[in-house]
Amino acid sequence: MNGVARISKFIGNTFSVWVILFALLGFFLPTLFIGLKGQISLLLGIVMFGMGLTLSSADFREVFRRPLDVALGVVGHYVIMPLLAYGLAVALHLPPDIAVGVILVGCCPSGTASNVMTFLARGDVALGVSIASVSTLIAPLATPAMISLLAGQWMNVSAGSLILDILKVVIVPIVLGVIVKALFRRQAEAATVALPAVSTLAIVLIVAIVVGLNKPHIVESGLLIFAVVILHNGLGYLLGYLFARLIRMNPAQRKAIVFETGMQNSGLGASLAAAHFNPLAAVPSAIFSVWHNISGSLLATWFARRTAKEEQDATSVHSAKHG
């Protein structure tokens, strides 16, 4: 089991590399993956089931201990990213399918890797986990409502079918994971050592399938979508930080808000797009999945180094005063 844990941890820690690799495989060898297009929802369900296995009462303790901070983080996420997506779609005159795809990923809950980035950045992990958990649990209502409100001018949106799909691929697997953990705690805890590898495999397969299905569209519109995704993600980080600063959060809390705002559950975006819209609408989610892991890793490293330098400087000043 120690060997499995080491391999799984390595795969989880190199998540960005695997996402890029499978995105490239999907682009250059699409026939390997397009036959799996019907399995996108199942793959996302596996990721959400794993999330359910890892949830505990501690993840929601912060909700009751700091309800205002958690609520502000969730509201900030569901306001900043959807409105940014809409603003970019309008300002850049995006084609309908791409506009809907960008708005769709903007309306998804926090990304599954956001807590890892908050940890690496030496941020408030407990706050980040609570925001991610709450944003995911309210997604069946929040995500369809925001998509219907913002994407309706480009194409018809069936909020009812979106709600049912999110319940099916997000909430039901999470609840099943929680139930399995409650009934078989020892086995569930033993199985969690393999979760980073399993979740990584599921997410990278979703990315490869979407990229493979949309290779011609990516060749035609890939640069535009990349530009929009980078802007969306980068502005999300920036506005998340400014929002956290505006509401007077401390530096560790600001880091949590930054990643919970700017990182999206792009696997859910790809799944919903593939099931309810034109396949091209899934491309922004696939590219977002690749990009936000790269940008998140870089930003987390910068935050951590900045914090370490500030602590070193503070120690030097303290030593000088009392030397």
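The preceding data block contains the structure.
Given the structure is predicted, the values throughout are model-derived calculations rather than measurements.

Q: Teacher, can you tell me more about helix H15 (residues 266-276) here?
A: Because each turn of an α-helix spans 3.6 residues, side chains separated by three or four positions end up pointing in the same direction. Of all eleven residues in H15, eight are buried; the element is thus mostly enclosed. If you check which residues of H15 are buried, you get Ser266, Gly267, Leu268, Gly269, Ala270, Ser271, Leu272 and Ala273.

Q: Quick question: what am I supposed to make of the nonpolar core here?
A: Core analysis: the biggest nonpolar cluster contains 80 residues, and Val170 and Leu268 have the highest contact counts within it. Broken down by element, the residue count for this core peaks at ten residues, all from helix H12 (residues 195-213). Discounting residues that sit within four places of it in the chain, Val170 has contacts with Met48, Thr136 and Leu268. The next biggest cluster of nonpolar side chains, apart from the first, holds ten residues, and it includes Met117, Ala121, Phe259 and Phe303.

Q: What should I look at first to understand the packing of helix H5 (residues 67-91) against helix H9 (residues 139-151) in this one?
A: Any two packed helices are characterised by how steeply their axes cross, that is the angle between the axes, and by the distance between the axes. It is at 11 Å that the axes of H5 and H9 come closest, and there the two elements cross at 25°. As judged from the angle between their axes, H5 and H9 are roughly parallel. Between H5 and H9 lies a crossing of right-handed hand. Mapping the contact onto sequence places Tyr78, Pro82, Leu83 and Tyr86 in H5 and Ala139, Ala142, Thr143, Met146 and Leu150 in H9. Class assignment of the residues belonging to the contact of H5 with H9 gives a composition of eight nonpolar, one polar and no charged.

Q: Please clarify how the environment of Gly177 should be interpreted in this entry.
A: Topologically, Gly177 is positioned in helix H10 (residues 159-183). We classify Gly177 as buried; its relative accessible area is 0%. Apart from the residues within four sequence positions on either side, Gly177 is in contact with Phe49, Gly52 and Leu53.

Q: Sorry, what's going on with the packing of aromatic side chains here?
A: Enumeration according to the criterion identifies six aromatic pairs in this entry. A ring pair is formed by Trp302 and Phe303, whose centres lie 5.5 Å apart and whose planes are at 50°; its orientation type is tilted. The buried category is assigned to Phe303, whose relative accessible area is 7%. Of the aromatic side chains, those joined through ring pairs into one cluster are Tyr237, Phe259, Trp302 and Phe303.

Q: Which parts of the structure should I look at to understand unusual backbone geometry?
A: Leaving glycine out, the prevailing phi sign among residues is negative, and the prevailing peptide bond configuration is trans. The phi dihedral of Arg122 is positive, around 65°, even though this residue is not glycine. Overall, Arg122 belongs to the partly exposed group, its relative accessible area being 39%. At Arg248, a residue that is not glycine, the phi angle is positive and equals roughly 65°. Within the secondary structure, Arg248 is located in the loop between helix H13 (215-246) and helix H14 (251-262).

Reading the values: rules and limits
Residues numbered from 1 in each chain as written. Predicted model: local features only at pLDDT ≥ 70, side-chain atom pairs only at ≥ 80, totals over all residues. Heavy atoms only, no water. Buried < 20%, exposed > 50% of the residue type's maximum accessible area, 1.4 Å probe, protein only. Helix = DSSP H or I, 4+ residues; strand = E, 2+ residues; numbered from the N terminus. Core = buried A, V, L, I, M, F, W, Y, C linked by side-chain atoms within 4.5 Å. Contact = heavy atoms within 4.5 Å. Axes fitted to C-alpha atoms, helices over the stretch in contact; angles between N-to-C directions. Parallel < 35°, antiparallel > 145°, perpendicular 65-115°, else oblique. Left-handed = near helix turned anticlockwise from the far one by under 90°. Nonpolar A, V, L, I, M, F, W, Y, C, P; charged D, E, K, R; others polar. Phe/Tyr/Trp six-rings, centres within 6.5 Å; stacked < 30°, edge-to-face > 60°.

So, to be careful, I would describe these as geometric facts and stop short of saying anything about function.
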